[in-house]
Amino acid sequence: AVRFFFASLYAVSEAEFYDIVLSDCEALNARTKRFVFEFDCKIAFIPGQFIIIQFDQEGNTFQRSYSIARQITDNQIELCVSYKEEGKASPILFAAQKGDHFKASLPQGHFTLPAIIDQNMAIAMIATGTGVVPFVSMVKALLEDRQFKGQLNVYFGCRHSEELIYSDWFNTYSKAYPNFTYTPVLSRETWSGAMGYVHPHYMKDFSHQPSALFFICGWQNMLKEARENIKSMGYTRQQIKAELYD
């Protein structure tokens, strides 16, 4: 389990920081928590974006980026963070109490849906670990807000079933929308669902799609292998959007 941190090209040190308050937190499993932060102003959020939180530890200031799962109100956002023993930021967050104050940037980033989407195309979202977090709001935006009619698939790879965060969320959408399929995949646990790694599952489903767009978020090795697999099926790099976290 790792902290949720996007390695991005953005100059995080240039971000403008605002006061945020921890209004709610909840353990999702032994190593993962959801956090609800409230800004002191209204915020604009595009599904797939992240915020940068600024930490101060014994006079040393540092920053970490966290993907936004969803916007709850016009000034509240939800994050999902995994604990990392050797990390600097996650122990601070996990020790935080409701009412604690932090500094954070406004939502930013370009791991987002296209402004215009062909209703006939298929979309695959591939994630490992907490890499699934940005897909929470992206699925809602596609199905509810934009009424996307093409095939939409989420492939979520974890080691154990307890790590399948937001499964209830995705299962609810899969029951309500016939064009949405949620495929959780476990690599270290025997169960009734899909097993192994995520790669064979999306490759089987997307080997004959004439038009598709891929979103990949997760660990570096998974991301690299997914890129290679997707290109081997005949897709171009313009059809792949990827976000890496460590």
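Residues numbered from 1 in each chain as written. Predicted model: local features only at pLDDT ≥ 70, side-chain atom pairs only at ≥ 80, totals over all residues. Heavy atoms only, no water.

Trainee: Sorry, what's going on with helix 3 (residues 167-176) here?
Mentor: Residues separated by three or four positions in an α-helix point in the same direction, a consequence of the helix having 3.6 residues per turn. Listed as buried for helix 3 are Ser167, Phe170 and Tyr173. Considered in projection along helix 3, the buried side chains sweep an arc of 130° and stay on one side of the axis. The exposed set on the far side of helix 3, more than 90 degrees from its buried face, consists of Asp168, Thr172, Lys175 and Ala176. (Buried < 20%, exposed > 50% of the residue type's maximum accessible area, 1.4 Å probe, protein only. Helix = DSSP H or I, 4+ residues; strand = E, 2+ residues; numbered from the N terminus. Arc of directions from axis to C-beta.)

Trainee: For this particular structure, what's the right way to read the nonpolar core?
Mentor: Note on soluble globular proteins: their nonpolar side chains tend to be buried together. By size, the foremost hydrophobic cluster in this structure holds 35 residues, and its most contacted members are Ile123, Met125, Phe135 and Phe170. Counting residues per element, the ones that place at least two in this core are strand 8 (122-128), helix 2 (133-145), strand 9 (152-158), helix 3, strand 10 (180-186) and strand 12 (212-218). If you tally residues by element for this core, the top one is helix 2, at eight residues. In this structure, Phe170 is in contact with Val132, Phe135, Val136, Val139, Val154, Phe180 and Tyr182, ignoring residues within four places of it in sequence. Ile51, Leu93, Ala96 and Phe102 belong to the second-largest nonpolar core, a separate cluster that totals 22 residues. (Core = buried A, V, L, I, M, F, W, Y, C linked by side-chain atoms within 4.5 Å. Contact = heavy atoms within 4.5 Å.)

Trainee: Honestly, the packing of helix 2 against helix 3 in this entry has me stumped. Any pointers?
Mentor: To describe two helices that pack against each other, one gives the angle between their axes and the distance between the axes. At a minimum axis distance of 11 Å, the contact between helix 2 and helix 3 shows a crossing angle of 15°. One finds that helix 2 runs roughly parallel with respect to helix 3. For the pair helix 2 and helix 3, the crossing hand works out as left-handed. The segment helix 2 lies against helix 3, with Phe135, Val136, Val139, Lys140, Leu143 and Glu144 engaging Trp169, Phe170 and Tyr173. When grouped by side-chain class, the residues that make up the contact of helix 2 with helix 3 number seven nonpolar, no polar and two charged. (Axes fitted to C-alpha atoms, helices over the stretch in contact; angles between N-to-C directions. Parallel < 35°, antiparallel > 145°, perpendicular 65-115°, else oblique. Left-handed = near helix turned anticlockwise from the far one by under 90°. Nonpolar A, V, L, I, M, F, W, Y, C, P; charged D, E, K, R; others polar.)

Trainee: Please clarify how helix 2 should be interpreted in this entry.
Mentor: Over its 13 residues, helix 2 runs 18 Å from end to end, which matches the ideal 18 Å to within 8%, given 1.5 Å per residue. With ten of 13 residues buried, helix 2 is to be regarded as a mostly interior element. All of the buried residues in helix 2 are Val133, Pro134, Phe135, Val136, Ser137, Met138, Val139, Ala141, Leu142 and Leu143. (Expected span 1.5 Å × (residues − 1).)

Trainee: Sorry, what's going on with the environment of Val81 here?
Mentor: One can find Val81 in strand 6 (residues 76-82). Its relative accessible area of 0% is what places Val81 among the buried residues. Taking the C-alpha atoms as reference points, Val81 and Arg31, 50 residues apart in sequence, are found 8.5 Å from one another.

Trainee: When you look at the packing of aromatic side chains in this model, what are you seeing that I'm missing?
Mentor: By convention here, two paired aromatic rings are described through the distance between centres and the angle between planes. Under the definition given, this model contains 16 aromatic pairs. Pairing Phe55 with Phe102 gives two aromatic rings, centres 6.1 Å apart and planes at 75°, and the pair type is edge-to-face. Here the residue Phe55 occupies a position in strand 4 (residues 50-57), and Phe102 occupies one in strand 7 (residues 101-104), the gap between them amounting to 47 residues. Exposure class is identical for Phe55 and Phe102. Each is buried. With centroids separated by 6.5 Å and ring planes inclined at 45°, the aromatic side chains of Phe170 and Phe180 adopt a geometry described as tilted. You can see Phe170 sitting in helix 3 and its partner Phe180 sitting in strand 10, a full ten residues away along the chain. (Phe/Tyr/Trp six-rings, centres within 6.5 Å; stacked < 30°, edge-to-face > 60°.)

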